[in-house]
Amino acid sequence: MSQDTDTGKRTVIQDSLTTPSGLAAAGLVVLGLGLPYLPGTGQFEVFLTAQILAFAIAAVAFNVLLGYTGLLSFGHAAFFGGSAYAVGLVLRYTEIRELFVLLPIGILAAAVLAVIIGYISVRHTEVYYALLMLALSFLLYVVTVKLYTFTGGTDGVPIPSPTVAGVDYVAAWGYSGFLQGVLYYAIVLAFLVSIALMWVFMNSPFGLTLKTIRDSPDRARAIGIPVVRYRWYATIVSGVFTGVGGVMYALLNGHVTPGTVLHWSRSGELAFMAVLGGVGSFFGPIAGAGAFILLRSEAQQLTEYWHFVMGLVLFLVVVFEPAGVAGLVKRGYRKANELIDERRRE
Amino acid sequence: MTVLETRGLTKEFGELTAVDSIDFVIESGEIVGVIGPNGAGKTTFVNLLTGVLEATDGEVVFAGESLDGAAVHDRAKRGLVRSFQIPQVCNDLTLLENVRSAVLSREQRNGSMFSVLLWEDDSRAEAIELLETFGLGERQNVEAETIPHGDKKILDVCMSVAMRPKLLVLDEPTSGVATDNKHEIMDRLQEYFETTDSAVLFIEHDMELIAQYAERVFAMDQGRKLADGTPEEVLEDSTVKRRIRGEEQ
């Protein structure tokens, strides 16, 4: 790499870190890293945040397809649950307990599923793509339920806490110490690495290729882009990172069932998070995952009709703020700037 | 050097023969206008060249190789590039991103995932240069959605040119553009193509533009070749006058 590129890179990073949103992001990362040590945070808050981060990985990955490639998938539960189940079954049938072995296994499972399901689905677009993804992921759900002697059926599989780099932290520190001192940080790390990688991918020539396909498949072909093949690649990238989210969810939850990770409603939730956060923005779905899980957590405590609350929120977002949380923030930021300018002029 | 040659190229839609055994040759550097009344098969002919439609019979030879079975994107990569009658640009992307996407595609870098475009300058410089050549340089960071129709047509061509075509097929480059601007677009194109040895094939209804910009004219009627020669010869041909120019009056 030339020195020019290095300087250019440094300037871009410096510039983006000194903007208000860059500072806010850096602040959030610091806050996230310090969370378990903040006064007043207990196991529940750490668990909830870790859950948000696990889903945020999957929601951003989902948006690689919806926001960047223009493909709506209703089958992401297959990647999320596929990786979670791969981890669960390995734990059930082998002696492997190591996080750094389980994670690659989960990712590999999601990748294999994405390669196969994606290959079939990308032959079609729009509603047919969505429905094929739905059908194939539902197939995985049914197979998992039916093969109960192998998979545990609807009871699912327990996910005992893994060792990390060979150390059994649960035995040493107890579960709460493991969650707040090790697992939480593993999930934060997985989140940061996944988001960074996906950001690079979406800002690379590959990402621009996907956006070209999203905006005009005919144009993409006319400039030599094999559209179907790149839709497939996008599905694989999306599936792999959704798998990372799935592994983290499984480890955090300590148990997976077909209903919690493979059911089609899980795919719907990822779509919900992406839309809630804003599909037009790279970081939007992270906010979407946060808003969704906090909202659901509150709504569940408030009423047993929490589905109704969630449905109402989705309705309101789609009608009044289609750009989601990201759109709200952008608009608020612009308003604030205008106000500041006005004050200055006065 | 012959860039493209068709031999007995035919396309049937059920009973209708839209393109009827066309033999056609274009040399590099040539600018050829295609004329014909509505329904003459001009667009079908062009679609057969670019791979949008599959021929019923006959073959297309491009740069010495048969294009039998080659997909649209494959032909584009080999240098047979088209522009669109209704401009096809990426509305949510800036003009710079639009052209850069084509540049990167030509460089076979679509799959490059680990280089961030924000700090990558070669493809940006080339895209900016192209936009400036076509008079869009000042608006490089504007989203394509916001520019007027005529400029979208130029952007459409600019993206095609970024592929460094051996043959560029322009499907009515000035349709839907105000008369005053038609010459502006054609002048820019002519100026650009004088600097390359790319062949250009353009469909056009405006006989004035044909007479002014085409070096050779290929006239079609009912799927067949009607005439092929210099603009003077073809435009004064009695059948062409009756069948094609007659409609204009």
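Residues numbered from 1 in each chain as written. Chains lettered and ligands numbered in written order. Predicted model: local features only at pLDDT ≥ 70, side-chain atom pairs only at ≥ 80, totals over all residues.

### Here's the deal with the overall build of chain A
Tallying secondary structure elements over chain A gives 16 helices and two strands in all. Against the 2.2 N^0.38 benchmark of 20 Å for 346 residues, chain A shows a C-alpha radius of gyration of 21 Å, consistent with a compact globule. Dimensions of chain A, computed from C-alpha atoms along their principal axes, come out at roughly 70 × 55 × 55 Å. Split into buried and exposed, the 346 residues of chain A put 45% on the buried side. Pairs at least 24 residues apart make up 75% of the contacts formed inside chain A by residues separated by at least 6 positions. (Helix = DSSP H or I, 4+ residues; strand = E, 2+ residues; numbered from the N terminus. Rg over C-alpha atoms; globule rule 2.2 N^0.38 Å. Buried ≥ 20, exposed ≤ 12 C-beta atoms within 10 Å, placed from the backbone. Contact = placed C-beta atoms within 7 Å.)

### With respect to the domain arrangement of chain B
Residue and element names in this part refer to chain B. If you check the domain split of chain B, you get domain 1 (1-79 + 165-249) and domain 2 (88-163). Computed over C-alpha atoms, the centres of domain 1 and domain 2 are 26 Å apart. Facing the 13 residues of domain 1 at the interface are 11 residues of domain 2. Residue assignment for the side of domain 1 that touches domain 2 shows that the elements contributing at least two residues are β7 (167-171) and α6 (179-194). Looking at which element gives the most residues to the side of domain 1 that touches domain 2, the answer is α6, with five residues. Here the side of domain 1 that touches domain 2 is composed, by residue class, of 10 nonpolar, two polar and one charged. (Domains from an automatic or database assignment. Nonpolar A, V, L, I, M, F, W, Y, C, P; charged D, E, K, R; others polar.)

### Brief notes about unusual backbone geometry
One non-glycine residue, Ala165(A), lies in the positive phi region at around 50°. With respect to the secondary-structure elements, Ala165(A) resides in the loop between β1 (157-158) and α8 (169-202). Judged by the 9 C-beta atoms lying within 10 Å of it, Ala165(A) is exposed. Positive phi values are uncommon outside glycine, yet Gln222(B) reaches one of about 50°. Along the chain, Gln222(B) turns up in the loop between β9 (216-221) and β10 (224-229). By C-beta crowding, Gln222(B) is classed as partly exposed, having 16 other C-beta atoms within 10 Å.

### Re the nonpolar core
Counting 170 residues, the largest nonpolar core has Ala56(A), Ile57(A), Ala59(A), Ile187(A), Met248(A), Val99(B) and Cys158(B) as the members making the most contacts within it. Broken down by element, this core gets its largest block of residues, 17 residues, from helix α3 (residues 43-69) of chain A. Three or more residues apiece are contributed to this core by two domains, here domain 1 (1-79 + 165-249) and domain 2 (88-163) of chain B. Among residues more than four places away in sequence, those in contact with Ile57(A) are Ala190(A), Phe191(A), Ser194(A), Phe241(A), Val244(A), Gly245(A) and Met248(A). (Core = buried A, V, L, I, M, F, W, Y, C linked by C-beta atoms within 7 Å.)

### Things to note about the environment of Gly268(A)
Residues and elements named next belong to chain A. Following the sequence through the fold, Gly268 ends up in helix α13 (residues 264-277). The class for Gly268 is partly exposed, based on 15 C-beta atoms found within 10 Å. For the pair formed by Gly268 and Phe74, sequence separation is 194 residues and the distance between their alpha carbons is 6.4 Å.

### Side note on the interface of chain B and chain A
Counting residues at the interface gives 33 residues for chain B, matched by 25 residues for chain A. With seven residues, helix α3 (residues 95-106) of chain B is the single largest residue contributor to the side of chain B that touches chain A. Tallied by class, the residues present in the side of chain B that touches chain A amount to 16 nonpolar, 10 polar and seven charged.

### Some words on helix α5 (residues 99-121) of chain A
Helical geometry note: an α-helix holds 3.6 residues per turn, so side chains three or four residues apart project in the same direction. Residues and elements named next belong to chain A. Given a rise of 1.5 Å per residue, 23 residues ought to cover 33 Å, and the 32 Å separating the end C-alpha atoms of α5 matches this to within 8%. Within α5, burial applies to Leu102, Leu103, Gly106, Ile107, Ala109, Ala110, Leu113, Ala114, Ile117, Gly118 and Ser121. Those residues of α5 that are buried lie in contact with α4 (77-93), α6 (126-146) and α11 (227-253). (Expected span 1.5 Å × (residues − 1).)

### Details of the sheet that holds strand β6 (residues 80-82) of chain B
Residue and element names in this part refer to chain B. Read across the open sheet, the six strands follow the order β6-β7-β8-β3-β9-β10; overall the sheet is mixed. Among the strands making up the open sheet, the edge pair consists of β6 and β10. The sheet shows a mean angle of 20° between the axes of neighbouring strands, taken without regard to direction. Strand direction decides the pairing type here: β9 and β10, joined by five bridges, are antiparallel. From the neighbouring strand, Val217 faces β10, where its bridge partner is Gly229. (Pairing = 2+ DSSP bridges. Axes fitted to C-alpha atoms, helices over the stretch in contact; angles between N-to-C directions.)

### A word on the sheet that holds strand β4 (residues 57-62) of chain B
Residues and elements named next belong to chain B. Spatially, four strands are ordered β2-β1-β4-β5 in an open sheet, and the strand pairing comes out antiparallel. Edge strands, defined here as strands with exactly one partner in the open sheet, are β2 (16-27) and β5 (65-66). Where strand β1 (residues 2-13) lies against β2, eight bridges are found, and the strand directions are antiparallel. Its bridge partner being in β2, Leu9 is matched across the sheet by Ile22.

### As for the pairing of strand β3 (residues 31-35) of chain B
Taking burial as the measure, the five residues of β3(B) include five buried ones, the bulk of the element. Residues Ile31(B), Gly33(B) and Ile35(B) line one face of β3(B) and the alternating positions Val32(B) and Val34(B) line the opposite face, and both faces are buried.

### Let's talk about the pairing of β7(B)
Residues and elements named next belong to chain B. Taking burial as the measure, the five residues of β7 include five buried ones, the bulk of the element. Because side chains alternate across β7, one face comprises the buried residues Leu167, Val169 and Asp171, and the other comprises Leu168 and Leu170, equally buried. In this sheet, β7 lies alongside β6 in parallel orientation, the contact comprising three bridges. Within β7, the residue paired with Arg82 across the bridge is Val169. Bridging between β7 and strand β8 (residues 199-203) involves five bridges; their strand directions are parallel. Paired with Asp171 across the two strands is Ile203, which belongs to β8.

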